[in-house]
Amino acid sequence: MRITSIRAKLYTATIFFLLIITFFAINYYLYNLQIVSYQKFHEIVECDLKFANFIIYEQAALRDPDKIAGLSGKYNKLRNVCLGCHSEPDDTSSMALDKRRMMFEKLSKLSQETEKNYTDVNSILISLASSVQYIHEHHIAYLKNFIHRNQVTQDYDADNALIRSSDKAASEPEIIKSAIAIQTNLLSIYNIFNRLQLNSNQQSQKNDFSVKIKQFYLSVNTFENNSLDAQDGILVEELLQTGREFEEMFTHLLAVETEKMFLADWLKQNQLQLTEALSRLRSNFENKHTELSGKIKLLQFVALLFTLIFGGLILFIGKRILNQVRKIEVEVQKIEQDLSYEIDIDNSIPDEFRVGFKALNAMSAGINEHIEKLDTAYLELSQVNRELKTEIVERQQIEVVLRRYEHIISSTSDHMSYLDRDYVYLAVNDAYLKAFQKNREEIVGHSVMDLLGADIFESLVKEKLDRSLAGEEVRYQSWFDFPKTGRIFMDV
């Protein structure tokens, strides 16, 4: 079906154009989907990297408690970045991350507590070692003294309260041997303590400690039985009391280390769980992204194909409309060359253009009438122009007279001024300017009242100026105040 109406052609072209815009909108929407897909994938990768950095920072925070304060902010950032990939509020990864935070805070507190416990246990160990060393050195010195004096029996240079019964006491070498046994057991306990600090197996250290602490108590009791020295008895009581305190603290330390080991293992399992969750999420999203990209490419191809088809149709319709517009240009050029020309209107011309051609013919018919009116208006304007020229010449003559008058009044030393009927200065001579200590711009263009003041103008000058402007010659004498010369009586 052939379309002859311009309006129908424009409607058709508009529909095709709207379809093209629709396809472009679809293409833009698909392009944004692809961008969102890329951004989502980037967020997942960023979440994975932030989680790795978070794990590293956790380890650093366990070594340096000062960094624990910044861990909360990093956790919140990790949660905001990573959990944005999940739409379900009860996501297992979210709960695992929250549980990890709680467990890490507990581990951090235990680590700080453990550090203090290690210091306290080490101090008690040093105290035990000092006491045992003192006992050992005391009996070695006594044995050396005993050998030096070549005594067959043992005696003590001490008060009666500290004298040991030689009948029930063991020999001095046996006493020293039992003291050495205390030192040996204490050294074994110290080695267990060192292995515990190096994160050795807690259960193994607990079993070893249980054996060695019993041997330590046994060696202390043996030493107490061998030596009947009252001073040794006091030291033994201190050893036993300190040993029980040490045993209690070390047992607590073992329990804390066991709990720390449990928390560390749980954090490792939690790390594996979260890493696997991120890996699954990344894999699933890669599959969805690949599927979406394929669909987007297909839809983009279809949109491009229809865009080309509709674009071609719009160009075809536009070309036909342009041909008809060119015909209008030709007719208008003929009218410009001959204002009386009338356009031949036939049935092949579209309705919309037919109306335009009729309007052009009507315009052509009325142009001559307008031209006649314009000629009449031109004559009237010419007359007005001549009158304006005459007025300009008169004004120029007035300006020449004014300049001559200004020259005349400037050549005299009397105070001369030229006013209009509004009491505004049109010209003044140099004597007038000098008297009032003002330049020409400060007086010319201003009123007499501005210069002399309202009081003097109303009471003295205005009435006389009005008579003078009315054509009467006025003379009067009065006192006037001038900035430079002061008060002067003048004849005006």
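Keep in mind that what you see is a predicted model, and the values were worked out from it rather than measured. (Residues numbered from 1 in each chain as written. Predicted model: local features only at pLDDT ≥ 70, side-chain atom pairs only at ≥ 80, totals over all residues. Heavy atoms only, no water.)

Points about the packing of aromatic side chains
The tally for this structure, following the rule as stated, stands at 10 aromatic pairs. Each ring, one from tyrosine 118 and one from phenylalanine 193, has its centre 5.5 Å from the other, and the planes form 55 degrees; the classification is tilted. Taken as a pair, tyrosine 118 in helix 3 (residues 92–148) and phenylalanine 193 in helix 4 (residues 172–197) lie far apart in primary sequence, 75 residues in all. We classify tyrosine 118 as buried; its relative accessible area is 12%. Measuring from centroid to centroid gives 6.0 Å for phenylalanine 216 and tyrosine 217, while their planes differ by 55 degrees, and the two rings are tilted. Phenylalanine 216 gets classed as buried once you look at its relative accessible area, which sits at 1%. An aromatic cluster is built from Tyr118, Tyr190, Phe193, Phe209, Phe246 and Phe250, whose rings are joined through pairwise contacts. (Phe/Tyr/Trp six-rings, centres within 6.5 Å; stacked < 30°, edge-to-face > 60°. Helix = DSSP H or I, 4+ residues; strand = E, 2+ residues; numbered from the N terminus. Buried < 20%, exposed > 50% of the residue type's maximum accessible area, 1.4 Å probe, protein only.)

Side note on the packing of helix 4 against helix 6 (residues 230–337)
In the contact formed by helix 4 and helix 6, the axes pass within 12 Å of each other and the chain directions differ by 25 degrees. The pairing of helix 4 with helix 6 is recorded here as roughly parallel in orientation. Between helix 4 and helix 6 the crossing geometry is left-handed. Of the residues in helix 6, those in contact with Ile189, Ile192, Phe193 and Leu196 of helix 4 are Phe246, Phe250, Leu253, Leu254 and Glu257. Of the residues that constitute the contact of helix 4 with helix 6, the class distribution is 8 nonpolar, no polar and 1 charged. (Axes fitted to C-alpha atoms, helices over the stretch in contact; angles between N-to-C directions. Parallel < 35°, antiparallel > 145°, perpendicular 65-115°, else oblique. Left-handed = near helix turned anticlockwise from the far one by under 90°. Contact = heavy atoms within 4.5 Å. Nonpolar A, V, L, I, M, F, W, Y, C, P; charged D, E, K, R; others polar.)

Focus: the pattern of salt bridges
Overall, the coordinates contain 9 salt bridges when judged by the stated rule. Ionic pairing is found between aspartate 120 and lysine 116, a salt bridge with its closest N-O pair at 3.0 Å. Here aspartate 120 pairs with lysine 116, and both are found in helix 3, just 4 residues apart, close to one helical turn. For aspartate 120, a relative accessible area of 25% gives the class partly exposed. The class for lysine 116 is exposed, based on a relative accessible area of 53%. Here arginine 440 makes a salt bridge to aspartate 430, at a shortest N to O gap of 2.8 Å. With arginine 440 in helix 9 (residues 440–443) and aspartate 430 in helix 8 (residues 430–436), the pair connects residues that are 10 residues apart, well separated along the chain. (Salt bridge = Lys/Arg side-chain N within 4 Å of Asp/Glu carboxyl O.)

Let's talk about the packing of helix 5 (residues 202–226) against helix 6
Two numbers describe how helix 5 lies on helix 6: the axes approach to 11 Å, and their chain directions differ by 175 degrees. Compared by their axis directions, helix 5 and helix 6 come out roughly antiparallel. Class assignment for the residues of the contact of helix 5 with helix 6 results in 13 nonpolar, 6 polar and 7 charged.

Structural notes on the nonpolar core
Counting 29 residues, the largest nonpolar core has Phe209, Phe216, Phe246 and Phe250 as the members making the most contacts within it. When residues of this core are traced back to their parent elements, those giving at least two are helix 3, helix 4, helix 5 and helix 6. Ignoring anything within four residues of it in the chain, the contact list for phenylalanine 246 reads Val121, Ile124, Leu125, Leu128, Ile189, Phe209 and Ile213. Grouped together as the second largest cluster of nonpolar side chains are 20 residues, Val428, Leu433, Leu451 and Leu460 included. (Core = buried A, V, L, I, M, F, W, Y, C linked by side-chain atoms within 4.5 Å.)

A look at the environment of serine 204
For serine 204, the position within the fold is in helix 5. A relative accessible area of 31% means that serine 204 is categorised as partly exposed. Spatially, the C-alpha atom of serine 204 lies 9.4 Å from that of isoleucine 192, the residues being 12 residues apart in sequence.

The analysis is restricted to geometry; functional conclusions fall outside its scope.
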